[in-house]
Number of protein chains: 2
Amino acid sequence: MLDPPLPKPPSPLDALRPSLAFRWRTATEFVEATLKAAILDGRLPGGTPLRQEELAARFGLSRMPVREALRQLESQALIDVLPHRGAVVTEISAADAADTYAIRRALEPAALRLSIPRLSDHALRDAAALIDEMDAEQEAGRMGLLNRRFHMTLYAAAGHPRLLALAEQQLIAFDRYLRFHLASQGRAHMAQEDHRAMLEAARARDTGTAIAVLERHLDTAAGTIARFFATRGGVTEAS
Amino acid sequence: MLDPPLPKPPSPLDALRPSLAFRWRTATEFVEATLKAAILDGRLPGGTPLRQEELAARFGLSRMPVREALRQLESQALIDVLPHRGAVVTEISAADAADTYAIRRALEPAALRLSIPRLSDHALRDAAALIDEMDAEQEAGRMGLLNRRFHMTLYAAAGHPRLLALAEQQLIAFDRYLRFHLASQGRAHMAQEDHRAMLEAARARDTGTAIAVLERHLDTAAGTIARFFATRGGVTEAS
DNA sequence: TAACGTAATATTGGATCCAATCAACGACCG
DNA sequence: CGGTCGTTGATTGGATCCAATATTACGTTA
């Protein structure tokens, strides 16, 4: 006789939400973007094993684009890949957060220093608009994007594309921690005072002040995350 | 009638020297390491197209490990990959050199500041030994490795593995320019005075002096490369 | 009973084949 | 004669199949 339909075992991969809103150039890019978004959101917590076969089935593709996407994610330090043993979502931790902050603390002031003298009025207006958008935004996911765009808008005039790409990559990595930061503050807002002060200093071409504000901004954020990990002790990544 | 044996057309890939000295874990790692070494040496100059088929034939492998290796190199900014159009060795330029230096100038002082208070006597002895090795070394290829190891030895106590990995990656990228630096100085030696001064300051736990020396070290190196490009105008990468 | 060695299985790494895309060339039309 | 559109060749992207490797479980032995 027929067995009752198997209750399909729940999988962490159920959290994947492939976005078909775009025409991705290649399947690899599609898989990479989808996995990346899920990891940064926290929908795929640290430690989640990523089996190529399972992912391929989810995406309706073969294992090949999945393999290439996993390689890309590995180079972004979002997953750990061990030869012949597979990929696992990188664990988050207080130490890793501090690591990310140390890098941001080094790169972003340097970018800002190079950028401020060359910032256009157009860029300054864009930055102001992004602050307003952040005031209005409620969704945590988009908040990371807006915060990232605000910072990058201020740095973009620095030239030095590799420096900017690195800075942006670290901002993206920080998105994994941003939710904790927001949760700790009990509200869905960034430290907008710092943002406004940075923009003001940039408008006045006061590089020294802008950098001082940025460094304080990063230090307080690092402190908030550190306290969060200290109180919560463990990880408990999922919402 | 039979044609005379074709004089095999010379290819930039003739410069590849696959090292069979190691047992590589996977074929992908083997291809990646070989290509990387050739690019950093300057044996594969900027602009060289890298055809998957041709590389696969050279290595006696299929195109698959070549594809994965190219992805890895792309993530290290050593090659540019355009979808459906193939990979090309990244061009070097005065602007790119300045970009790399801007990153090093941001990351390495930060790493040094974190590291010096925690440096062990063992690490200090290692660094001293590396300075002596550099004095004796004549080969340009190994000089890059020794220079890298010296710097990383001083930074290693910083913890923050991601920061250290980034710093090392930039040091590696700098290898592409190191030959020009050495050529400009008319001798096969690094600025060993700076290295010795950094080590002395580190021994004395004088973080401020060590960072000042490091920043001067990087600034003079950047200046040397900039002058080199200014005089030579073009690229002319190959030895 | 514990430890070691061996076999079975699951999973990734690599090879081969097919499809999609891009560039170049040439024909057609204005 | 110039520009545009279709066709063809070269090259990469993706699918499928096979091989190598690591982990697990099991059985044997000290």
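These lines cover the structure that appears in this document, whether it is placed above or below. (Residues numbered from 1 in each chain as written. Chains lettered and ligands numbered in written order. Predicted model: local features only at pLDDT ≥ 70, side-chain atom pairs only at ≥ 80, totals over all residues. Heavy atoms only, no water.)

A word on helix α3 (residues 63–75) of chain A
Residue and element names in this part refer to chain A. Note the following rule: Elements are defined by DSSP. Helices are runs of H or I of four residues or more, strands are runs of E of two residues or more, and each kind is numbered from the N terminus. The span one expects for a helix is its residue count, reduced by one, times 1.5 Å. To sort residues, take the accessible area from a 1.4 Å probe on protein chains only and compare it with the maximum for the residue type: under 20% means buried, over 50% means exposed, and anything in between is partly exposed.
Taking 1.5 Å per residue as the helical rise, α3 with its 13 residues ought to reach 18 Å, and the 19 Å between its terminal C-alpha atoms agrees with that figure. For α3, the set of buried residues is P65, V66, E68, A69, L70, R71, Q72 and L73. Where α3 ends, the next residue or the one after it, A77, has phi of about 65°, a positive value.

Thoughts on the protein's contact with DNA strand C
Defined as follows: For this purpose, a residue is taken to be near a molecule or strand whenever a single non-hydrogen atom of the residue falls within 4 Å of it. N or O atoms closer than or at 3.5 Å make up a polar contact, with two conditions inside protein: a donor-capable atom paired with an acceptor-capable one, and, for residues adjacent in sequence, both atoms drawn from side chains. Note on residue classes: Ala, Val, Leu, Ile, Met, Phe, Trp, Tyr, Cys and Pro are nonpolar, Asp, Glu, Lys and Arg are charged, and everything else, Gly too, is polar.
In the vicinity of DNA strand C, 20 residues are found, and the nearest of them are R67 of chain A together with A27, T28, S62 and R85 of chain B. Contacts to DNA strand C include H84 of chain A, whose backbone N or O atom sits 3.5 Å from a sugar or linking oxygen. Only α3 of chain A together with α1 (27–41) and α3 (63–75) of chain B provide two or more residues apiece to the surface near DNA strand C. A total of four residues in the surface near DNA strand C trace back to one element, the largest contributor, which is α3 of chain A. In the surface near DNA strand C, the residues fall into seven nonpolar, seven polar and six charged.

So, the interface of chain B and chain A
Applied cut-off: Whether two residues touch is decided by their heavy atoms; if any such pair falls within 4.5 Å, the residues are in contact. Summed over both partners, buried area is the accessible surface (1.4 Å probe) that two parts give up on being assembled. In the sections that follow, a salt bridge refers to a side-chain nitrogen of Lys or Arg positioned within 4 Å of a carboxyl oxygen of Asp or Glu.
Residue-level contacts link 31 residues of chain B with 31 residues of chain A. At the boundary of chain B with chain A, total buried surface from both sides reaches about 2600 Å², with 56% on carbon and sulfur atoms. Where chain B packs against chain A, one counts six salt bridges. Linking R71 of chain A and E68 of chain B is a salt bridge whose minimum nitrogen-to-oxygen distance equals 2.8 Å. Remark: the boundary between chain B and chain A carries 14 residue pairs in polar contact (both at pLDDT 80 or more). Elements supplying a minimum of two residues to the side of chain B that touches chain A: α1, α3, α4 (94–115) and α7 (161–184) of chain B. Considering every element that reaches the side of chain B that touches chain A, the biggest residue donor is α4 of chain B, with ten residues. Residues of the side of chain B that touches chain A, tallied by class, amount to 14 nonpolar, eight polar and nine charged.

Topic: the protein's contact with DNA strand D
Surrounding DNA strand D, one finds 18 residues, the nearest of these being A27, T28 and S62 of chain A together with R63 and R67 of chain B. Of all atoms in DNA strand D that approach within 4 Å of the protein, 67% are sugar or phosphate atoms. Backbone polar atom of A27 of chain A to a phosphate oxygen of DNA strand D: 2.4 Å apart, as the coordinates give it. In the environment of DNA strand D, a phosphate oxygen lies 2.7 Å from a nitrogen or oxygen atom belonging to the side chain of S62 of chain A. Those elements that place two or more of their residues in the surface near DNA strand D are α1 (27–41) and α3 of chain A together with α3 of chain B. If one sorts the elements of the surface near DNA strand D by residue count, α3 of chain B sits on top with three residues. Of the residues in the surface near DNA strand D, the class split is seven nonpolar, seven polar and four charged.

Interpretation in functional terms is not warranted from these geometric data alone.
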